[in-house]
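# Understanding the architecture of this molecule
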Amino acid sequence: MSQTMRDAVVGGFVMACGLLFLFQARIIDTDPDDPFGPKLAPTIIAGLIIGFGLLQAVVASIRPVARSSGEEEPQPFRPVLFCSVIAVGAAYIFLFQLVGYLISTFAVLAGMLLLFRNPFGRRMIVTAIIGALVYHIIFIELMSVHDPASLLSFRNILNWVG
């Protein structure tokens, strides 16, 4: 499959996902008199997903594939890597409910870096810890949006450390 065709197919897949999200957003039960109910944000996000997928498909089908002399050949489609990324996403959902945000995000980030053969080092660990702290401060402390109940929560870890 050529790069152009692959890009167009990815755009179509993104549009299909956006349509699924739009369908899911439309079945949220709300008050008919409230124009800014809980449906608004998911509907806007689904519309953006559909729009970007359409843009991806249109741009991929119109533009010619041009490579500069220094550009390397595009990587072939690797179904094992594709399925692995989907499996890691499913594992993230499972781990998030099992052990909470911090541990699941760190484990999935480490797994993805190893999957794509990126160097695993101190910088990645520091980034994951800072990201988790920022998430915790903004969403949990300031906005009072709590993670689903899990066996091990970030608050328990902070209480144990401090």
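If you're wondering where the values come from, they're calculated on a predicted model, not measured in any experiment. (Residues numbered from 1 in each chain as written. Predicted model: local features only at pLDDT ≥ 70, side-chain atom pairs only at ≥ 80, totals over all residues. Heavy atoms only, no water.)

## A few points about the overall build of the chain
How we decide: Working definition: helices are DSSP H or I runs of at least four residues, strands are E runs of at least two. Numbering for both runs from the N terminus. For the exposure calls, accessible area comes from a 1.4 Å probe over protein chains only, and a residue counts as buried if that area is under 20% of its type's maximum, exposed if over 50%, partly exposed in between. Pairs of residues are marked as contacts when any of their non-hydrogen atoms sit within 4.5 Å. For the accessible areas, the method is Shrake-Rupley and the probe is 1.4 Å, while residue cover comes only from the protein chains on display.
Within the chain, the regular secondary structure consists of six helices and zero strands. In the chain, the succession of helices and strands from N to C terminus is α-α-α-α-α-α. Classification of the 162 residues of the chain by burial places 19% in the buried group. Considering only intrachain contacts with a sequence separation of at least 6, the fraction spanning at least 24 residues in the chain is 58%. Carbon together with sulfur atoms contributes 71% to the accessible area of the chain, which is approximately 11,800 Å² in total.

## Some points on the confidence of the model for the chain
Interpreting fine coordinate detail is not advised for predicted regions of low pLDDT. We count it as follows: Confidence of the prediction at every residue is given by pLDDT, a number between 0 and 100.
Taken over all residues, the pLDDT of the chain has a mean of 75, while the share at 70 or more is 77%. Considering each helix and strand of the chain separately, the mean pLDDT is smallest for helix H6 (residues 154–161), with a value of 61, and largest for helix H2 (residues 40–62), with 85.

## Re helix H3 (residues 79–99)
Filter applied, for reference: In a helix, the anticipated span is given by 1.5 Å times the number of residues less one. What the arc describes is the spread of directions from the helix axis to the C-beta atoms.
Relative to the 30 Å expected for 21 residues at 1.5 Å per residue, H3 spans 29 Å between its end C-alpha atoms, a close match to the ideal helical length. Within H3, the full set of buried residues consists of Leu81, Val88, Phe96 and Val99. Looking straight down H3, one finds its buried side chains confined to an arc of 100°; they lie on one side. Among the exposed residues of H3, those pointing more than 90 degrees away from its buried face are Ile93, Phe94 and Gln97. Just past H3, the residue glycine 100 takes up positive phi, approximately 90°.

## Here's the deal with helix H5 (residues 122–142)
Here is the rule: Across the chain, bend at a residue is computed as the angle between axes fitted to the seven residues ending at that point and the seven starting from it.
Its 21 residues give H5 an end-to-end C-alpha distance of 29 Å, which sits within 8% of 30 Å, the value for a rise of 1.5 Å per residue. Roughly 25° is the biggest bend found in H5, and it falls at histidine 136. Along H5, the positions that sit buried rather than exposed are Met124, Ala128, Ala132, His136 and Ile140. Following H5 by one or two positions, serine 144 has its phi on the positive side, about 55°.

## Some remarks on the environment of valine 88
As for its placement among the helices and strands, valine 88 is situated in helix H3. Counting along the chain gives 24 residues from valine 88 to methionine 112, while the straight-line C-alpha distance between them is 7.6 Å. Setting aside anything within four residues of it in sequence, one finds valine 88 in contact with Val108 and Met112.

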